[in-house]
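Letter by letter, the chains look like this.
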Amino acid sequence: MKQQDSSPLTSPHKRSTAEEMQQLISRLYPICRSITGNGVRESLRILQEYIPLQIQEVASGTAVFDWRVPPEWNIRDAYIKDHKGNRIVDFRKHNLHILSYSIPIKGSFRLEELIPHLYTLPEQPDLIPYRTSYYQENWGFCLPHRLLESMRDDRYEVCIDSSLKDGFLSYGELLLAGTSEEEVLISTHICHPSLCNDNLSGLAVCTFLAHYLSLRPHRYSYRFLFVPGTIGAITWLAINEDQLSRIRHGLVASLLGDEGDFTYKRSRRRQAEIDRVVPFVLSELEKAHKVIDFVPYGYDERQYCSPGLNLPVGCLTRSTYGTFAAYHTSADNLDFVKATQLEESLQVYQAVVDTLDQNRYYLNLNPKCEPQLGRRGLYALIGGQNDSKQFELAILWVLNLSDGQHSLLDIAEQSQMNFSLLVAAAKALVKGELLTEIQDVD
Ligand code: ZN
């Protein structure tokens, strides 16, 4: 794999993170991705300029639970020409024009023969819909309804220069090892073509979250997956089934650049630690949000939370699938995704991983009456300052509830105190030998 001399993240021309994320999305936007094929590889190679992602290839036909890895699909060109030879629908102008996984076809068709293969949105007549036919052999074009209405009863020349052959399913994987082998799984889907919120926003946030984590020490090992939706997650789970017990927490990341409020969808377990941490972080950061219960529909949490695996994996988005007008249309473009929203989403994800990483159980080593804190320098010598009062209060809460039954998150929820202040208090108490971390709590 070709290595770049300098990654875009270490470029001397310093851009803001929000600008860097938008720039990444702009580079990925024109690429025609699907569940397999060169568009996925090309996208993963671009991500490798930012993070040391490994590209994994799984052969077509490989059995993965109840599925098989499909043939690899690639496309070079596709069009519908009118009788004058004008390309009235042109894949080269917009890759949403092609029904993803269309078989190759070449011929002349009357309009009525063509119509069963044309997909439009009558309610949004200027937009191109996004449609796929992965597991049923078909071909088709997606176009604005207004264009369809303007097509006369005539003959049209149709060409789809695609191939469906034995090849590979490609996905990206990155493990950032922590001090523990216990893992946090962050998964995002990479199979959509030119759609920005769904899901270049997820790719950008995950890439920059991985970069953020790579710059600091962490307890958990963080595993990032950039997988084609459904079949990619199923493939990864099938290949790695014997290692799934390492996953302690997980999130599916997508739809992170629109202007909607945050939405957290709980894991199937409903009360896993991740199901408490995400709403806690969203509340602490004062982000407008809603929390919804697990349903067996949506993104790849469907696979991670299937009953035989039941992993503690939730899904954190802004808007949810199907709830915004641009969803799965050409309006989900570069203008739809906003830099400020991407940056805000990244900050929320950073706070979530920081909270997961720092949420521990401690044991008070001096539980009978309060220890004498002043003697240990843990009580401010000059009282009255608000900051030190808060810190002292945090110390008292951590001491009182560190009985082996309460994590720092429990203490934060009960005390209504800032989580990072409680973390600082716990660290000071460990240093003062009044507290010790409990390693194995289940
Ligand atoms: Zn989608």
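Quick notes on the rules
- Residues numbered from 1 in each chain as written.
- Predicted model: local features only at pLDDT ≥ 70, side-chain atom pairs only at ≥ 80, totals over all residues.
- Heavy atoms only, no water.
- Buried < 20%, exposed > 50% of the residue type's maximum accessible area, 1.4 Å probe, protein only.
- Helix = DSSP H or I, 4+ residues; strand = E, 2+ residues; numbered from the N terminus.
- Pairing = 2+ DSSP bridges.
- Right-handed = clockwise from strand over helix to strand, strands pointing away.
- Donors = N, O, S within 2.8 Å, 3.2 Å for Na, K, Ca; no water.
- Expected span 1.5 Å × (residues − 1).
- Domains from an automatic or database assignment.
- Phe/Tyr/Trp six-rings, centres within 6.5 Å; stacked < 30°, edge-to-face > 60°.
- Lys, Arg positive; Asp, Glu negative; His and termini not counted.
- Salt bridge = Lys/Arg side-chain N within 4 Å of Asp/Glu carboxyl O.
- Polar contact = N/O pair within 3.5 Å; in protein donor to acceptor, adjacent residues only side chain to side chain.
- Core = buried A, V, L, I, M, F, W, Y, C linked by side-chain atoms within 4.5 Å.
- Contact = heavy atoms within 4.5 Å.
- Axes fitted to C-alpha atoms, helices over the stretch in contact; angles between N-to-C directions.
- 1 Å grid on protein atoms, 1.4 Å probe; cavity = no way out; pocket = protein on both sides within 12 Å on 5 of 7 lines; lining within 4 Å.
- Points joined across faces, edges and corners; volume = space filled by probe spheres on them.
- Nonpolar A, V, L, I, M, F, W, Y, C, P; charged D, E, K, R; others polar.

A. Spatial organisation of the pairing of strand β12 (residues 221–227). Buried residues dominate β12, accounting for seven of its seven residues. Where burial is concerned, the two faces of β12 agree: the one with Ser221, Arg223, Leu225 and Val227 and the one with Tyr222, Phe224 and Phe226 are both buried. Two strands pair when backbone bridges link them, and strand β10 (residues 168–176) and β12 are joined in this way by five bridges, in the antiparallel orientation. For Leu176, the partnering residue across the bridge sits in β12 and is Tyr222. In this sheet, β12 lies alongside strand β11 (residues 183–189) in parallel orientation, the contact comprising seven bridges. Along β12, the bridge assignment pairs Val184 with Tyr222. Between the parallel elements β11 and β12, the chain passes through helix α5 (residues 196–214) in a crossover that is right-handed.

B. View of the coordination of the zinc ion. On the protein side, the zinc ion has His192 (NE2), Asp198 (OD) and His328 (NE2) as donor atoms, found 2.1 Å from it. Coordination of the zinc ion draws on donor residues from a single chain, spaced H-x5-D-x129-H in sequence. In this pair, His192 is assigned in the loop between β11 and α5 and His328 in the loop between β16 (313–317) and α9 (339–358), connecting sequence segments 136 residues apart. Grouping residues by exposure puts His192 and His328 together as buried.

C. Looking closely at helix α7 (residues 273–284). Helix length check: α7 (twelve residues) gives 16 Å between terminal C-alpha atoms against 16 Å at 1.5 Å per residue, within 8%. Where α7 is concerned, the buried positions are Ile274, Asp275, Val277, Val278, Pro279, Phe280, Val281 and Leu282. Looking one or two residues past α7, Glu286 carries a phi angle of roughly 55 degrees, positive in sign.

D. Geometry of the domain arrangement of the chain. For the chain, the assigned domains are domain 1 (2–69 + 169–358), domain 2 (72–165) and domain 3 (361–438). For domain 2 and domain 3, the distance between their C-alpha centroids amounts to 65 Å.

E. Inspection of the packing of aromatic side chains at higher detail. Counted under the stated rule, the structure contains eleven aromatic pairs. Geometrically, the ring pair formed by Tyr134 and Tyr135 is edge-to-face, given 6.0 Å between the ring centres and 75 degrees between the ring planes. For the ring pair Phe280 and Phe419, a centre distance of 6.0 Å and an interplane angle of 70 degrees mean the geometry is edge-to-face. One end of the pair, Phe280, is in helix α7; the other, Phe419, is in helix α12 (residues 419–431), and 139 residues separate them in sequence.

F. Here's a closer look at the side chain of Asp300. Relative to the elements of secondary structure, Asp300 occurs in the loop between β15 (289–292) and α8 (301–304). Buried and without a salt bridge, Asp300 has Arg302 as its closest oppositely charged side chain, separated by 6.9 Å. In this structure the side chain of Asp300 is engaged in a polar contact, spanning 2.8 Å, whose partner is the backbone nitrogen of Thr230.

G. Structural detail: the nonpolar core. Core analysis: the biggest nonpolar cluster contains 77 residues, and Phe224 and Phe226 have the highest contact counts within it. Looking at which element gives the most residues to this core, the answer is α5, with eleven residues. The two domains that each donate at least three residues to this core are domain 1 (2–69 + 169–358) and domain 3 (361–438). Beyond its immediate stretch of four places on either side in the chain, Phe224 contacts Gly172, Glu173, Leu174, Leu176, Ile186, Cys206, Leu209, Ala210 and Leu213. Of all hydrophobic cores here, the second largest spans 56 residues; its members include Leu96, Ile234, Tyr304 and Leu309.

H. Here's a closer look at the sheet that holds strand β17 (residues 361–364). The strand order across the open sheet formed by three strands is β18-β17-β19, and the pairing between neighbours is antiparallel. Across the chains shown, the open sheet's two edge strands, defined by having one partner strand only, are β18 (403–407) and β19 (435–438). The average undirected angle you get between the axes of adjacent strands in this sheet is 35 degrees. Here β17 pairs with β18 via two bridges, running antiparallel. Looking at β18, one finds that Leu363 is bridged to Asp403. Sheet contacts for helix α11 (residues 408–415): β17 and β18; angle to β18, the most-contacted strand, approximately 70 degrees.

I. The layout of surface pockets, seen in detail. Looking at the second largest pocket, its volume works out to about 530 Å³. In terms of lining residues, the second largest pocket is bounded by 21 residues, among which Tyr134, His192, Thr230, Arg302 and His328 are the most central. Of the residues contributing to the lining of the second largest pocket, the split by class is ten nonpolar, eight polar and three charged. Each of two domains, domain 1 (2–69 + 169–358) and domain 2 (72–165), supplies a minimum of three residues to the lining of the second largest pocket.

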